[in-house]
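Commentary on secondary and tertiary structure
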Amino acid sequence: MATTTSLTLIDFSVSGETLQFGNNEKNILAYWKQINAFETSNKLSKDRPKYTFYDGPPFATGLPHYGHILAGTIKDTVTRWAYQTGHHVERRFGWDCHGIPVEYEIDKKFGIKGPEDVAKMGIATYNNHCREIVMRYAQEWEDIVDRMGRWIDFRHDYKTMYPWFMESVWFIFKQLYEKGFVYRSFKVMPYSMGCCTSLSNFEAGQNYKDIDDPAVWVSFPLVNDPTVKLVAWTTTPWTLPSNLALCVNPNSTYVKVLDKAKNETFILMEKRVGELYKKPDTYQVLETFKGSHLKEMRYTPLFPYFANVPTAFRVLCDDYVTEESGTGIVHQAPYFGEDDYRVCLANGVINKDTGPVVCPIDAQCRFTDEVKDFQGQNVKDADKAIIKHLKEAKRLVHQSVMKHSYPFCWRSDTPLIYRAVPSWFVRVEGMVDRLLANNSKAYWVPDFVKEKRFANWLRDARDWAISRDRYWGNPMPLWISEDGQEIVCVGSIEELKQLSGIQLDDIHREFVDEVTIPSRLGKGLLRRIPQVFDCWFESGSMPYAQLHYPFEGRQTFDDTFPADFIAEGIDQTRGWFYTLLVISTALFDQPPFKNVIVNGIVLTSTAEKMSKRKKNYQDPKLILEEHGADALRLYLITSPVVRGVSLKFKEEGVRDIVKDVFLPWYNALRLLIQSCDQLKMDKKVTFIYDEKRLYSSMELNTNIMDTWIVSYTQTLLDFVRQEMDAYRLYTVVPRLVKYIDMLTNWYVKLNKKRFKGETTLEDCLVSLNVLSYILLTMSKLMGPFTPFLAEYMYQVIRKLMPPSATPSEQDLSVHFQLMPKSQKSLVNKEIERGVAAVQTVICMGRVVRERKVVPMKYPLPEFVIIHKDSSVLKDLQSLEDFVREGLNVRKVTLSQDRELYGVEMHAEPNFPTLGKKAGGKVKVVTEKIRGMTDADIEKLLSEGETESSLTIIEEIPIEHEDVHIVYHVAKQTQFEATAEEGFVVLLDYTPDASLIDDGLVREITSRVQRLRREARVRPTDEIVIYYSVEPQTSEIARIAVERQNEITTILGKPFLPLDKTHNHNIIKKEKITVKDGEIEFVITQITD
């Protein structure tokens, strides 16, 4: 307590009818700062078992959005839960600092178009610019994370640009290199023309867009018969200048056709003729043959640029050519297509060692001087000029526009192309079985992501291109001889010093590029390759590098790997989840995590992707200011997004959490405190929470509703623990919200008289004790989900606890408390069942009241509950008073005899489900369902309890969902009936005069109570309520006079005619019409 004894801690109390949740949260943040809450919590838990959590590093070059807030909320909820269930949880924030996101900002700022511009600026200057902006929004990130109530350590963070982090990445790479996972190859890769670098396959899949591309059909005359032309189709005309071959499927059927309009002879796949010729009379089939017949036929090149390649311009065969698109003849540009490269290599068109390398574009994807007609043009921009050239050369058969999904760079938002580039790879294809096996050891929520989306991605995993031709990144630690034959892989800064004689503190490119290593084989000096690591390799290495493993933290790593828990969005199945698994499988043949929650994507209310540019979503800061972080947290984690599906974000959903969950919860606390204040004022008794009194009252079972809510709480504790152990937030949070509804709309409403001391003193103390226990338990249970409101509740209730002789630091915050465990001695399942039945029948009764437009203020004569199971009625028997009060009826009758009350039932078909299965028989089936007798329906319902289908009509199985059972009262017209869950209830909705009078009393008292709330009058305030009524002959005037004493008792304050003289301060008055009269209420405050 040394850290807090010198401070006057912020005091929390209940004041006012409502709570401004946003402002209250700021007070909580200030309080946490006073007690160093996060640091203190870690100190208190240091000797507990460790629970390991990995935080996926975001880029700090962009502001946090709802996706980050969602993932952060899930992470905070689970780690808080782990802490409060007896673990020490280290939570360190991480930052992704290298790579394209940072470089792209610098390129835009300084107009850098390609490598030449960087060379002019100098790598050192370029990287310094990157270093300056890399943490541009770090403070905004920290502010929003803090404001959301997330506890995580920013002071001991990790950044991928820290030299110690980078050194661990070198070590990991060397392990992979020595295990034979690393190789260099010339492969066709996704390439960003905006960022001038290749991308990995999973990066290429992150940003697809629907676009219109030119589609062209091009002719290739055969050398041995130029009048016969092969027709190929492509949506990338810019690749045609690099064409070296054509490919057909050897097993498919091809045709030679005469184009009647053009009077030309073309060859294409038989199944694709309809794509070019929409009408059969526009062409004539001259010959039919297999694709293998075309093999090795030579054709005339489209362009002269590479016409001297002796191995090119012939027809090849491969079964990758499909019958689903194009013409069945695929043009081959081997350095711009993965299959093209493979097929041309296999058929000797190109050679890995001798070439030719036909890739006539520069780093910015502009044509070089090898293609003189289009030199300097960006490849995508050159499409129109190329099509024009083809038309003029009479090689264009047909052209159109094709709308299709196309990959764009995830950072520069420019179209990707595929081009062959020299890259360094990690072998992944050979470890697919191990990846799948390790994935199966991890527990995923939701499960379908593991079994379908992620497993499918793993099955098709390709070798990972981990090198990038960039500057601001972790340099790949490979030093190589000029002839490429000697390679040294360096695994640490110390090893580099030993090999080169140079000591470095920073290993970014500007420092390490000039370091050379003497050859051991007499090959002169080895120089570092210019590439840097893919930043995904760094984030995938964070389990090791965040500890500076193995140079430091080896024991910590051994004790805490794999992580107990991680969480990110569903897009990370092709990102962080994947890279984590690849590296951990390659290094240790283990999954890197035990449990993972995958959230869906947060979209706008109209299901669009949130865009800062479009400004199509509300700033999170405004939501926090208006409704508070707890409301946003609870809205997000009660939504479908925690089940891995998308959420259409709506501010009204956040507002509803405040209205429907937080305000009722706050009002329950307010009622407790006001009741305690009233007790002290009226009875001079100071209430102190007594846990022993709780247990003794439960043993005596003095009040059924007390027993119910305490038992229901134990059931809830078990359920929440079970589901949180399974990481199913989507089942836990709705149940917690339902519990708050049970507390406020059932327990509190049905026990207000007890809280206010209108029964006995002992009963009042017992009820306050139970309510204190419930609210205290709720504050602990809700702590991980709504940390601010839970803290506030705890701090207020804490004042009701007996003072401790030895104050403990543990008592300072609800978040230092351990999660309560259920007590079997407090469980009473029989009463839980009974109250559930009470709630069912009360809700049914309210439905009937609404149907007959009878307000709850007006009591009704009788409510009949019919159920064929006597044990259900027995459960209800001891709870009749609660049904009577909950429905405002004079009499409750329980019965098993439906016929006694003339209740008849008939069956009606549910067409939405029945229509689908009955089809053409629906009319006959409908008639038979409507023709069922009572006996038929009874038999149907009894069978439904044990059978999979209720019955079979006209060979159609009838399920519960296919039939509605409608109940109506035939004999006694004063009753209105409804049925649900085996209950039939009847409500006598014809009140007599005395009941109408009781209703008018309620009209008066409820209006006065509402006025008191509007005037913010506290129960302890000394007030007098005056009234006047016009006309004096009205019914409301009669009731005000005749029932004045009763009204005074209900209000707990004097209720007097306005003509009585008074000199009190008027604080609120209102005139309203009730029935046949007009009554004015005046609330006054007594002055000394």
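Residues numbered from 1 in each chain as written. Predicted model: local features only at pLDDT ≥ 70, side-chain atom pairs only at ≥ 80, totals over all residues. Heavy atoms only, no water.

The secondary structure content of the chain amounts to 38 helices and 40 strands. Taken across its 1088 residues, the chain has 56% of its residues classed as buried. Here the contacts in the chain between residues at least 6 apart in sequence split such that 76% fall between residues at least 24 apart. As presented, the chain carries roughly 47100 Å² of accessible surface, and 49% of it is formed by carbon and sulfur atoms. Charge-centre separation for the chain: the mean point of 137 positive side chains lies 2 Å from the mean point of 148 negative side chains. (Helix = DSSP H or I, 4+ residues; strand = E, 2+ residues; numbered from the N terminus. Buried < 20%, exposed > 50% of the residue type's maximum accessible area, 1.4 Å probe, protein only. Contact = heavy atoms within 4.5 Å. Areas by Shrake-Rupley, 256 points an atom, 1.4 Å probe, with all protein chains shown as cover. Lys, Arg positive; Asp, Glu negative; His and termini not counted. Charge placed at Lys NZ, Arg CZ, Asp CG, Glu CD.)

A word on the sheet that holds strand β25 (residues 566–569). An order of β17-β26-β25 is seen for the 3 strands of this open sheet, with the pairing classed as parallel. The two strands at the open ends of the sheet, each matched to only one other strand, are β17 (443–445) and β25. Adjacent strand axes in the sheet meet at a mean angle of 20 degrees when their direction is disregarded. Two strands pair when backbone bridges link them, and β17 and strand β26 (residues 595–599) are joined in this way by 3 bridges, in the parallel orientation. Looking at the pairing, V445 lines up with I597 of β26. Packed onto the sheet, helix α3 (residues 66–84) meets β25 and β26 and runs at close to 150 degrees relative to β26. (Pairing = 2+ DSSP bridges. Axes fitted to C-alpha atoms, helices over the stretch in contact; angles between N-to-C directions.)

All right, on to helix α21 (residues 620–627) then. Helical periodicity: at 3.6 residues per turn, an α-helix aligns residues three or four positions apart in one direction. For α21, the set of buried residues is P620, I623, L624 and H627. Projected onto a plane normal to the axis of α21, the buried residues spread over an arc of 100 degrees and lie on a single side. Those residues of α21 hidden inside the fold are in contact with α1 (21–34), α3, α7 (138–147), α22 (629–637) and α23 (651–683). Capping of α21 at its N-terminal end is provided by D619; its side-chain oxygen lies 2.9 Å from the backbone amide nitrogen of K621. Of the residues one or two after α21, G628 is the one with positive phi, at around 95 degrees. (Arc of directions from axis to C-beta. Polar contact = N/O pair within 3.5 Å; in protein donor to acceptor, adjacent residues only side chain to side chain.)

For the rest of this paragraph, the subject is the environment of P1054. Within the secondary structure, P1054 sits in the loop between α38 (1044–1051) and β38 (1055–1057). When near neighbours in sequence (up to four residues on either side) are disregarded, P1054 contacts I1023, V1024, I1025 and T1048.

A few words on the side chain of R395. Position of R395 relative to the elements: it lies in the loop between α12 (383–392) and β15 (396–407). Buried within the structure, R395 lacks any salt-bridge partner; E264 is the closest side chain of opposite charge, at an N-O distance of 8.5 Å. At 2.8 Å, the side chain of R395 and the backbone oxygen of S219 are in polar contact. At 3.0 Å, the side chain of R395 forms a polar contact with the backbone oxygen of T300. (Salt bridge = Lys/Arg side-chain N within 4 Å of Asp/Glu carboxyl O.)

Turning our eyes to something else, we now look at the pattern of salt bridges. Evaluation of the coordinates by the stated rule reveals 57 salt bridges. We note a salt bridge from K26 to E625, for which the minimum N-O separation is 2.8 Å. With K26 in helix α1 and E625 in helix α21, the pair connects residues that are 599 residues apart, well separated along the chain. A salt bridge links E275 to R272, with the nearest nitrogen and oxygen atoms 3.4 Å apart. Classification of E275 by relative accessible area gives partly exposed; the value is 35%. Several salt bridges converge on common partners, so that one network encompasses D55, K75, R150 and E568.

Turning next to the environment of T713. Assignment of secondary structure puts T713 in helix α25 (residues 704–725). Judged by relative accessible area, T713 falls into the buried class, the value being 1%. For the pair formed by T713 and H331, sequence separation is 382 residues and the distance between their alpha carbons is 70 Å. In contact with T713, not counting residues within four places along its chain, are Y739, Y773, I774 and T777.

With that settled, consider the sheet that holds strand β13 (residues 315–317). In spatial order, the strands read β13-β9-β14; together these 3 strands make up an open sheet with mixed pairing. What marks the edges here is a single partner per strand, and that holds for β13 and β14 (329–332). Each strand axis lies, on average, 35 degrees off the axis of its neighbour in the sheet, ignoring direction. Across 4 bridges, strand β9 (residues 245–248) lies against β14 in antiparallel orientation. Bridged to L246 within β14 is H331. Where helix α11 (residues 338–346) meets the sheet, it contacts β9, β13 and β14, and its direction lies at approximately 85 degrees from that of β14.

What follows covers the nonpolar core. By size, the foremost hydrophobic cluster in this structure holds 158 residues, and its most contacted members are L632, F649, F662, W708, Y747, Y792 and I865. The element best represented in this core is α23, accounting for 14 residues. Excluding its chain neighbours within four sequence positions, the residues that come into contact with Y792 are F12, S13, V14, L19, N24, I28, Y666 and L669. Ranked by size, the runner-up nonpolar core spans 70 residues in total, among them F181, L478, A563 and I570. (Core = buried A, V, L, I, M, F, W, Y, C linked by side-chain atoms within 4.5 Å.)

Right, let's talk about the confidence of the model for the chain for a bit. Counting all residues, the mean pLDDT for the chain is 88, and 96% of those residues have values of 70 or more. Taken as a whole, residues 944–948 scores under 50 in pLDDT and shows 4 contacts with residues more than four places along the chain or in a different chain. (pLDDT = per-residue confidence, 0-100.)

Its 14 residues place the ends of α1 20 Å apart at the C-alpha level, agreeing with the 20 Å of an ideal helix rising 1.5 Å per residue. Among the residues of α1, F21, G22, N24, E25, I28, L29, Y31, W32 and Q34 are the ones counted as buried. If you check the start of α1, you find a side-chain oxygen 3.1 Å away from the backbone N of G22, and it comes from Q20. (Expected span 1.5 Å × (residues − 1).)

With that settled, the discussion passes to unusual backbone geometry. At the junction of V445 and P446, the peptide bond is cis and its omega measures out at 0 degrees in the coordinates. For P446, the location among the structural elements is in the loop between β17 and α14 (447–459). In this structure, P1031 follows E1030 across a cis peptide bond, with omega equal to -10 degrees. In this fold, P1031 is placed in the loop between β37 (1023–1030) and α37 (1035–1042). Despite not being glycine, R1016 has its phi angle at roughly 55 degrees, a positive value. Of note, R1016 is situated in the loop between α36 (993–1014) and β37.

Applying the stated rule across the entire model yields 58 aromatic pairs. With a centroid separation of 5.7 Å and an interplanar angle of 85 degrees, the aromatic rings of F12 and Y31 are classed as edge-to-face. Of this pair, F12 sits in the segment before α1 while Y31 is found in helix α1, placing the two residues 19 residues apart along the sequence. Neither F12 nor Y31 differs from the other in exposure class; each is buried. Among the aromatic residues, those joined into a ring-pair cluster are F171, Y544, Y549, F551, F557, F561 and F588. Its guanidinium or amino end placed over the ring of Y406, K380 lies 4.8 Å from that ring's centre, counting from NZ or CZ. (Phe/Tyr/Trp six-rings, centres within 6.5 Å; stacked < 30°, edge-to-face > 60°. Lys NZ or Arg CZ within 6 Å of the ring centre and 35° of its normal.)

Let's shift gears to the packing of helix α13 (residues 432–441) against α14. In contact at an axis separation of 9 Å, α13 and α14 are set at 160 degrees when each is read in the N-to-C sense. Viewed along their axes, α13 and α14 adopt a mutual orientation that is roughly antiparallel. As α13 runs across α14, the sense of the crossing is right-handed. Residues V432, L435, L436, N439 and S440 of α13 lie in contact with α14, whose contacting residues are K450, F454, A455, L458 and R459. Residues belonging to the contact of α13 with α14 are distributed by class as follows: 6 nonpolar, 2 polar and 2 charged. (Parallel < 35°, antiparallel > 145°, perpendicular 65-115°, else oblique. Left-handed = near helix turned anticlockwise from the far one by under 90°. Nonpolar A, V, L, I, M, F, W, Y, C, P; charged D, E, K, R; others polar.)

Turning our attention to the environment of Q498. Relative to the elements of secondary structure, Q498 occurs in helix α15 (residues 493–500). On a C-alpha basis, the gap between Q498 and V969 in space is 97 Å, while along the polypeptide they are 471 residues apart.

Another aspect to go through is the state of the cysteines. Applying the stated rule across the entire model yields 0 disulfides. Looking at C247, it has no disulfide partner, and the nearest cysteine sulfur is the one in C317, 6.7 Å off. Overall, the relative accessible area of 0% leaves C247 in the buried class. Distance from the sulfur of C764, which forms no disulfide, to the nearest cysteine sulfur (C676) is 7.9 Å. (Disulfide = S-S within 2.5 Å.)

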